[in-house]
Amino acid sequence: RLGHMPAPAPRLCSRCTTARAVLKRPKNHDQLCRECFYTVLEDEVHQTIISQNLFKRGERVALAASGGKDSTVLAHIVTTLNKRYDYGLDLFLLSIDEGIAGYRDDSLDTVRRNEQTYGIPLLVVSYKQLYGWTMDDIVAQIGTKNNCTFCGVFRRQALDRGAVLSRADKIATGHNADDVAETVLLNILRGDVPRLSRCVSAITGGEEGGGLPRVKPFKYTYEKEIVMYAYFKRLDYFSTECVYAPFAARGFARDFVKDLEAARPSAILDLIRSAENFRFATVEAAPAASASTSSAASGKAGSKGKGKGAASKQQAAAMAAGASATDAHAPASADAEGNAGDAGAGAAGSRQPVIALPTTSTLVRAPVPRQCERCGYLASQPICKACVLLEGLNKGRPGGLSPWTPEPMPGLDGFYHTGSKAAAGAAGTGPAATGSAASVSSSTVQDGAGNTAAAAQPGTAARSRSWEDGGSSVDSGASTQAGGQA
Ligand code: SF4
Ligand code: ZN
């Protein structure tokens, strides 16, 4: 009898109403056909790029490429939109090779294939080349407890160095809405207000007070939709997790975000929107009357009184009076009434939430960029984070070897952990002998056809080796933790 029943009519796409719907959008449960899904997703990314002013015509943009789904879809969509809307961007792929056997070596093969597919050049820089250590070396020395901290700090700097080497103006990363929501949660849980104030920006500067601007075209794009896009488009990506990922601390926040999403699809966007709407005030612990001035959510000093959410001294004082030492990091709300005289008419009558912190105003002040005394890289402290971590690693090196000292790279003098001249002389006998920094040079940028224009020069042999044996996780969720993302 069932055989005589008419088959249910195929559900039609809610957008074009002609083609058969093949998926339900995780973001809002719209039923769409394949072509409409592509169009909607690409349009959303285009809207993010335009509304947040992510790019300017003529800019040279490094697309952080790990070979994973996010960065592969990023390369696909940004190259597509660049042509479709004539952004006028000069794009290239930038990969970081952390040196994680069984993970990065395979994913780099994927990136190399993408280089051919999208016809844009690829540059790979490795931890071994930059720091004298692979992640495998680091884990062998320190274990799997803090390895992601090292990895995050090194990656951030490596991306900057690779991008500067290639004369990029900006770095685009594949961080998606899920990543941003997780970062919001983690920063709340850690009470890290400076990062909380920055982490929802679609454009951020370098973590250490400078560096190249980083943009997130997928800030509002759900991870599930990126996976669907890659699946339906049959994009070539690598999906194995880093072998050290199970030890990454981000996992619980990731699971929590997924649970929230299962209960309510908009939860991811809601988390991002709520963090976007926070306004941050810095308040002296005591007495209440000494409350400092505020700064807006961007974390930039000097924004007082400009934004509609800027809090006045009176507000800050009121909040400080209400905040006890124990609930110091709990969100407090305050209205902006009485703020008109101080913050301008824009604030009058509007009611904005304010997070009050009993601390000094330096907490959310934008770090003043300076140069690391050791490597010359941008830093917010006299010594950059990577040099501090490297010092600890090098001290523990068997045989007490002198710090690794690569040769300066052409056009990038001062951008490497070069140390003293004497130490540089010893570099050939140190751990660096297997991977000179000279092995990263602009001559190793491959052209669109995949031809490597590598001239014979010192370090060439080391280059080909180090290109083969390492890896980068520019945009894996785990990779963004622990300093990987401001
Ligand atoms: Fe690096 Fe990510 Fe692996 Fe941690 S999980 S070691 S941050 S690639
Ligand atoms: Zn359709």
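All figures in this text were calculated on a predicted structure; none of them were measured in a lab.

Draft legend 1. Representation of the packing of helix α2 (residues 69-84) against helix α9 (residues 223-232) in the model. Running from N to C, α2 and α9 point in directions that differ by 65 degrees, and their axes come no closer than 10 Å. Taken together, the axis directions place α2 and α9 in an arrangement best described as roughly perpendicular. You can see that α2 and α9 cross each other, and the crossing is left-handed. Here α2 contributes K69, D70, V73, H76 and I77 to the contact with α9, which in turn contributes E223, I226, V227, Y229 and A230. Considering only residue class, the contact of α2 with α9 consists of six nonpolar, one polar and three charged.

Draft legend 2. Representation of the coordination of the zinc ion (ligand 2) within the structure. Surrounding the zinc ion (ligand 2) are the protein donor atoms C13 (SG), C16 (SG), C33 (SG) and C36 (SG), which sit 2.2 to 2.4 Å from the metal. For the zinc ion (ligand 2), the four donor atoms in the first shell make angles of 101 to 115 degrees at the metal, a pattern classed as tetrahedral. Taken in chain order, the donor set of the zinc ion (ligand 2) reads C-x2-C-x16-C-x2-C. Of the two residues, C16 sits in the segment before β1 (23-24) while C36 sits in helix α1 (residues 34-51), which places them 20 residues apart along the sequence.

Draft legend 3. Quick look at unusual backbone geometry. With a phi close to 50 degrees, D86 is a non-glycine residue in the positive phi region. Within the element layout of this structure, D86 appears in the loop between α2 and β4 (90-97). In this model, R234 sits at a positive phi of 55 degrees, which is unusual for a non-glycine residue. Relative accessible area serves as the criterion here: at 72%, R234 is assigned to the exposed category.

Draft legend 4. Representation of the packing of aromatic side chains in the model. One pass over the full model with this rule turns up ten aromatic pairs. Arranged with centres 6.2 Å apart and planes meeting at 80 degrees, the rings of F150 and F154 form a pair that is edge-to-face. One end of the pair, F150, and the other, F154, are both in helix α6 (residues 147-165), four residues apart, so they sit about a helical turn from each other. In terms of burial, F150 and F154 fall into one category: buried. A connected cluster of aromatic rings, assembled from ring pairs, spans Y127, Y131, F150 and F154. Stacked on the ring of Y38, the Lys or Arg K233 has its end atom at 4.3 Å from the ring centre.

Draft legend 5. The confidence of the model for the protein chain, seen in detail. Residues with a pLDDT of 70 or more make up 61% of the protein chain, whose mean pLDDT is 70. When pLDDT is averaged over each helix and strand of the protein chain, the minimum, 26, is found for helix α16 (residues 460-468) and the maximum, 98, for α1. Here residues 357-364 is modelled with pLDDT under 50, and outside its nearest four sequence neighbours on either side it reaches 28 contacts, counting other chains as well. Here residues 399-486 is modelled with pLDDT under 50, and outside its nearest four sequence neighbours on either side it reaches 227 contacts, counting other chains as well.

Draft legend 6. Summary view of the pattern of salt bridges. Scanning the model with the defined rule gives 27 salt bridges in all. Residue R25 is joined to E225 by a salt bridge in which the shortest nitrogen-to-oxygen separation is 2.7 Å. Placement of R25 in the loop between β1 and β2 (31-32) and of E225 in helix α9 is noted, with a sequence separation of 200 residues between them. For R195, the salt bridge identified is with D192, shortest N-O distance 3.0 Å. Of the two residues, R195 and D192, both sit in the buried class. Through salt bridges with shared partners, a single network forms among K69, D70, D178, E223 and K258.

Thresholds applied
- Residues numbered from 1 in each chain as written.
- Chains lettered and ligands numbered in written order.
- Predicted model: local features only at pLDDT ≥ 70, side-chain atom pairs only at ≥ 80, totals over all residues.
- Heavy atoms only, no water.
- Axes fitted to C-alpha atoms, helices over the stretch in contact; angles between N-to-C directions.
- Helix = DSSP H or I, 4+ residues; strand = E, 2+ residues; numbered from the N terminus.
- Parallel < 35°, antiparallel > 145°, perpendicular 65-115°, else oblique.
- Left-handed = near helix turned anticlockwise from the far one by under 90°.
- Contact = heavy atoms within 4.5 Å.
- Nonpolar A, V, L, I, M, F, W, Y, C, P; charged D, E, K, R; others polar.
- Donors = N, O, S within 2.8 Å, 3.2 Å for Na, K, Ca; no water.
- Tetrahedral: all angles 85-135°; square planar, octahedral: opposite > 155°, others 65-115°.
- Buried < 20%, exposed > 50% of the residue type's maximum accessible area, 1.4 Å probe, protein only.
- Phe/Tyr/Trp six-rings, centres within 6.5 Å; stacked < 30°, edge-to-face > 60°.
- Lys NZ or Arg CZ within 6 Å of the ring centre and 35° of its normal.
- pLDDT = per-residue confidence, 0-100.
- Salt bridge = Lys/Arg side-chain N within 4 Å of Asp/Glu carboxyl O.

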